[in-house]
Every structure is written in structure tokens, then in C-alpha cells.
Amino acid sequence: GIQVEQSPPDLILQEGANSTLRCNFSDSVNNLQWFHQNPWGQLINLFYIPSGTKQNGRLSATTVATERYSLLYISSSQTTDSGVYFCAVLRSNDYKLSFGAGTTVTVRA
Amino acid sequence: SQTIHQWPATLVQPVGSPLSLECTVEGTSNPNLYWYRQAAGRGLQLLFYSVGIGQISSEVPQNLSASRPQDRQFILSSKKLLLSDSGFYLCAWSAGTDNGYTFGSGTRLTVV
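Residues numbered from 1 in each chain as written. Chains lettered and ligands numbered in written order. Predicted model: local features only at pLDDT ≥ 70, side-chain atom pairs only at ≥ 80, totals over all residues. Heavy atoms only, no water.

A. The arrangement of the overall build of chain B in detail. Of the regular secondary structure elements, chain B holds zero helices and 11 strands. In chain B, the succession of helices and strands from N to C terminus is β-β-β-β-β-β-β-β-β-β-β. The C-alpha radius of gyration of chain B comes to 13 Å, within 12% of the 13 Å expected for a compact globule of 112 residues. By principal-axis analysis of the C-alpha atoms, chain B measures approximately 40 × 25 × 20 Å. Looking at chain B as a whole, 47% of its 112 residues qualify as buried. Within chain B, counting contacts between residues at least 6 apart in sequence, those at least 24 apart form 54% of the total. When the accessible surface of chain B is totalled, it reaches about 5000 Å², and 51% of it is carbon and sulfur. Here chain B contributes 7 positively and 6 negatively charged side chains, and the mean placements of these two sets differ by 10 Å. (Helix = DSSP H or I, 4+ residues; strand = E, 2+ residues; numbered from the N terminus. Rg over C-alpha atoms; globule rule 2.2 N^0.38 Å. Buried < 20%, exposed > 50% of the residue type's maximum accessible area, 1.4 Å probe, protein only. Contact = heavy atoms within 4.5 Å. Areas by Shrake-Rupley, 256 points an atom, 1.4 Å probe, with all protein chains shown as cover. Lys, Arg positive; Asp, Glu negative; His and termini not counted. Charge placed at Lys NZ, Arg CZ, Asp CG, Glu CD.)

Quick look at the structure:
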């Protein structure tokens, strides 16, 4: 199956700092999503971004499909940004959304 | 707008007891439906998916089964729970493979 690698595995930030999370994948995909899992376990859609760049408030994401990676940027981090960030990908003609192991982000006040 | 409902939120069940988790989607028709399990706080694993009523595909052989009795209803079941069935179960839907997946709020199952 497709391999999804996220880095770093853990990230500790001071409130107000910026950070970049990376997702590498091993095959061509036609679906890539970034999720935030909050402390209650709920998976929140952040971006559906199989290619290109999108921004939503303090968060932005870029996927370079030809080079098989995606980046999630968090700017001016807040304590509410804490949680686990997952990258998930789907190959063409497949139904299995495959997840990376996640990046655990802790933002300290 | 589309919404996905999943219940119960938490469940504690004894070993050997049956299980039924339900997931429903509103505001769309003929969705693709999925059951995922997350163990130890990481690593979501696809268990089952369905592209239509009565159509179920299993990704991992195990003690669980799934059914889709109605277009927007997806049920995860077990006849006899094992300790290893403990985990966080998430239902998801998509309008197709070229669309984003949306997850329900999850069920935290503890088998004792």
C-alpha cells in the first residue's frame, strides 16, 4: 500500500510561534487531506488539497503532487492549536484513505 | 448542509458481549461510508467501506462486521467482543473518491 510519512512526530511551540509540518507519500494521489484531532478525539477537516496552495486564517497548506509531499503551516500559534495533525492520502481508483502517524503539536502559553 | 452522526460517544462492554455502533449521514444521497479504528491515540486503520446499500468491503479480517441497511446508515457489529477490540471507532463519509472525507465524532469503546 501507499506509505505516508509525517514529520516531525512531536512539536513543542511557544504561543505565537510559527511552524511547518511535512507529509511525504510514496505514490501518486488524487486526494490529500490535513486533519486536526482535538483532545476529545474528533477529526476536524483542515484542508482538502491534492495540489496547490490553500489558506484558512492562520493555517495554510501546500501540496506539490509531482514531488509527493505536502506542507502544513501554522502561523502565530495558539494553545487551541494543540493536538495531533494527520495527513491522509488516497490513490486514484482506490477507496482507502491512508493516514500518516501524525504530528503531535503542543502549544505552551 | 451534510452532517454525520455517530453514537454512542463512549461504551464499556464486557468481553463476549455483542456490539452495535451506528452511523448516519444527513443531507446527501448515495455517500461512500467508512469505519476506521484508532488504537493507542494514533494510527487510523480502515476497517470497512461501502459504496452502496448492501455493499460492504472489508479491509482487515477480524472479529467485527459491518452492514448498510439503508443508503445513509452504516452499522458496525460484533457477536462477541474481545479485549483487543477496544479502541476509538470513527465513521466517515465522502461524496466520492475525488472529494474530501468527513468524520463523525467517534465512539470510544472499552472492552473489560
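B. Summary view of the pairing of strand E9 (residues 83–90) of chain A. Residue and element names in this part refer to chain A. Of all eight residues making up E9, eight are buried, and the element is well covered by its neighbours. Direction of pairing for strand E4 (residues 31–37) relative to E9: antiparallel, over a ladder of seven bridges. Across the sheet, Gln33 pairs through a bridge with Ala88, a residue of E9. Bridging between E9 and strand E11 (residues 103–108) involves three bridges; their strand directions are antiparallel. (Pairing = 2+ DSSP bridges.)

C. Spatial organisation of the pattern of salt bridges. With the rule as written, the count across this model stands at six salt bridges over all chains. A salt bridge links Asp71 of chain B to Arg68 of chain B, with the nearest nitrogen and oxygen atoms 3.3 Å apart. Here the residues in one salt-bridge network are Asp27, Arg91 and Asp94 of chain A, joined through shared partners. (Salt bridge = Lys/Arg side-chain N within 4 Å of Asp/Glu carboxyl O.)

By themselves, these are just geometric observations and shouldn't be taken as functional.
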